Amino acid sequence: MLSFGSLARFATLLAIATLPFGAVAQDKKEKAAARPAAVDASTCLACHAPIKEFHAAGKHKSVGCAACHDGLDKHLADRKSRPVTKTDPAVCGTCHKLQFESMYTMNWEKPARKEKSQQTGLSPNPAWDKLMTPHGFTREHNEPRSHAFALYDQLVVDRAFGGRFENKRGWQFLAQPGGNFKIWDYLEDKYPGQDHKPFKPGTAAAANPVCMSCKTADHILDWAYLGDPVPGAKWSRTSKVQEFVKDVNHSLNCFFCHDPHSARPRVIRDGLIQALTRPEKDTLWHRDPKAAKIEVKELGLRGYTRKIATLDRYDMNLQCGQCHVEYNCNPGTDPTTGKPIGMADARTNHFPLKNVNEIGKHYTDLKFRDFKHGITGALLWKAQHPDVENYYGSKHQKAGVECSACHMPKTKDPKTGKTYTSHWQTSPVHYLKGTCLTCHAGWSEKQAKYVIESLKNRYQGKLRKAEFWLTRFIDKFEEAQSLGVDEAVLNQAREKHFEAHVHWEWWTASNGAHFHNPEQANESINKSIVISQEGIKLLDDAMKAKRAGTPAPAKTSLLTR
């Protein structure tokens, strides 16, 4: 979808006037009547020269700023009066109607608030809460619905805002049939003026501005690079999140992936841009010979640095990887000192972009851990959704298949016969003929679905085995600690706990990993099982020695041999 609509990264960059975009059904006379007075573009570009290369040569060069900015007349009269940028995806939908409507198609098979810890979930209890205690995700950790609800669901989930935000319509909102909506038309703050904290039993207040940046980019013009708290930027990593969220309204803006002036592909997540430009050149993207080339653009006309990266072609590993990726977006602890790491530290907006076998060392080198386990005291890591990392190196990725081939296939509109890119971004099981069967022509839809479900069965079975051994390991730790096993041995066990946890938690946080990279998943989950068993033996030997009055031998780590 070509998103000229939001123009959110360049609100003050362009003030050339032309036709505003009205409703799709609006006739030419109505459009002409709504036309603002013409303005000499050279006047605007004299100040906003950086926009010229985007707009003049782009597909949207005939689209004027009045389509996406209000208050231009005031801005031209007084530079201090900034135009209002429209970040609503509906602005893009006036021209890109099919893409817009497909993005907000309701998937009635994905009900709200389906916790992963349910017995049919990806990480069922009682193992989940025991393995993750006391992390905020134990309060509520749901399967995703769709992009339309990404922002809304983050505000009402029990782990994020302590129960302060409620829907004005109560449970009746669950009947909302998808669509593009403003969250504050439906939500209200039941505790206005109060600090960010849990207000109700069973909730947590774990949200922060960085984690919200995966759900919306309404704030993009008011956010400095990496969310640094610098003069002039309205919002930052350290902002009060309960105030920050009241300044955003739209979920997953079009301009995450589409530059509004040039209509070229791009990425805007600053943590990802930082990873792609690290001097170490150590990411999965750096190792991909087929990867799109990027060009980082620094934008800072508001007095602070902002960055985007334009791409020479659409590259779903980068564009989907703005959110469907492991990244750190929260406070933590330095494992070398035990001191807390707050949101003022840049490590709280960090993208590793590495695979499961590299992630543990990466965070150790970064000197970061997410939380302290409530039973073993091990400093552990909490994964986000490392979907792109899983896909890198898979058979489909090596064959040149992009995320869009399965999740955003070309679709024909039955009314007009026009072919367009679906932006529903759902499971390929909803359109197997246009996804799997385009390559596997000898299969039926029934066969394709059978293969997908079979891969999922094996994946789920392996995870249950990993959870058995990891919970057994934690039980054994409690036993050893109660017996008075030496702290040095317990510390060795805590390191084992971290290693086994990484190769389990990575996969419980992933979406569709059973299909994205089943070979890597199987190998990694088996590794978790082996490390847990090693930890159990370490503690059994120590307890046996303790009872016999002899010291236990030191053990080495499977991952460091």
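Participant: Please clarify how the pattern of salt bridges should be interpreted in this entry.
Facilitator: Two side chains with opposite charge may pair up if their charged atoms get near one another. Within the structure shown, the criterion is met by 34 salt bridges. Measuring nitrogen to oxygen at the nearest pair gives 2.4 Å for the salt bridge that ties K200 to E166. Residue K200 is located in the loop between strand 4 (187-189) and helix 9 (209-212), and its partner E166 is located in strand 3 (residues 165-167); the two are separated by 34 residues in the primary sequence. We classify K200 as partly exposed; its relative accessible area is 31%. The partly exposed category is assigned to E166, whose relative accessible area is 28%. Here E402 ties to R313 by a salt bridge, and the two come within 2.9 Å at their closest N and O atoms.

Participant: I'm lost on the nonpolar core in this one. Help?
Facilitator: The tendency in soluble globular proteins is for nonpolar side chains to be buried side by side. In terms of nonpolar packing, the biggest core is built from 66 residues, with L155, F161, I183, M212 and V245 touching the most fellow members. Among the elements of the structure, helix 6 (97-103), helix 8 (150-156), helix 9, helix 10 (241-244), helix 11 (270-276) and strand 7 (306-311) are those that each provide at least two residues to this core. Those residues in contact with F161 that sit more than four places away from it in its chain are Q154, L155, H196, K197, F199, A204, A205, A207, M212, V241, Q242 and V245. In this structure, F371, L380, F473 and W506 belong to the second largest nonpolar core, which totals 46 residues.

Participant: What should I look at first to understand the sheet that holds strand 5 (residues 266-267) in this one?
Facilitator: Read from one edge of the open sheet, three strands run 5-7-6, paired in antiparallel fashion. Every other strand in the sheet has two partners, leaving strand 5 and strand 6 (294-299) as the edge strands with one partner each. With two bridges connecting them, strand 5 and strand 7 associate as antiparallel partners. Looking at the pairing, V267 lines up with A309 of strand 7.

Participant: Teacher, can you tell me more about the pairing of strand 7 here?
Facilitator: Remark: a regular strand shows side chains that alternate across the two faces of the sheet. The element strand 7 is extensively covered by neighbouring structure, given that six of its six residues are classed as buried. Burial along strand 7 is two-sided: R306, I308 and T310 and K307, A309 and L311, pointing in opposite directions, are all buried. When strand 6 meets strand 7, the two strands line up antiparallel, connected through six bridges. Opposite L299, over in strand 7, you have R306 as the bridge partner. Connecting strand 6 to the next strand, strand 7, in antiparallel fashion are six residues, including G303 with a positive phi near 100 degrees.

Participant: Hey, could you run me through the state of the cysteines in this one?
Facilitator: Two cysteines joined by a covalent bond between their sulfur atoms form a disulfide. Evaluation of the coordinates by the stated rule reveals zero disulfides. With no disulfide of its own, C68 has C92 as its nearest cysteine by sulfur position, at a separation of 6.7 Å. The class of C68 is buried, set by a relative accessible area of 0%. Free of any disulfide, C406 has its nearest neighbouring cysteine sulfur in C436, separated by 5.9 Å.

Rules and cut-offs
- Residues numbered from 1 in each chain as written.
- Predicted model: local features only at pLDDT ≥ 70, side-chain atom pairs only at ≥ 80, totals over all residues.
- Heavy atoms only, no water.
- Salt bridge = Lys/Arg side-chain N within 4 Å of Asp/Glu carboxyl O.
- Helix = DSSP H or I, 4+ residues; strand = E, 2+ residues; numbered from the N terminus.
- Buried < 20%, exposed > 50% of the residue type's maximum accessible area, 1.4 Å probe, protein only.
- Core = buried A, V, L, I, M, F, W, Y, C linked by side-chain atoms within 4.5 Å.
- Contact = heavy atoms within 4.5 Å.
- Pairing = 2+ DSSP bridges.
- Disulfide = S-S within 2.5 Å.

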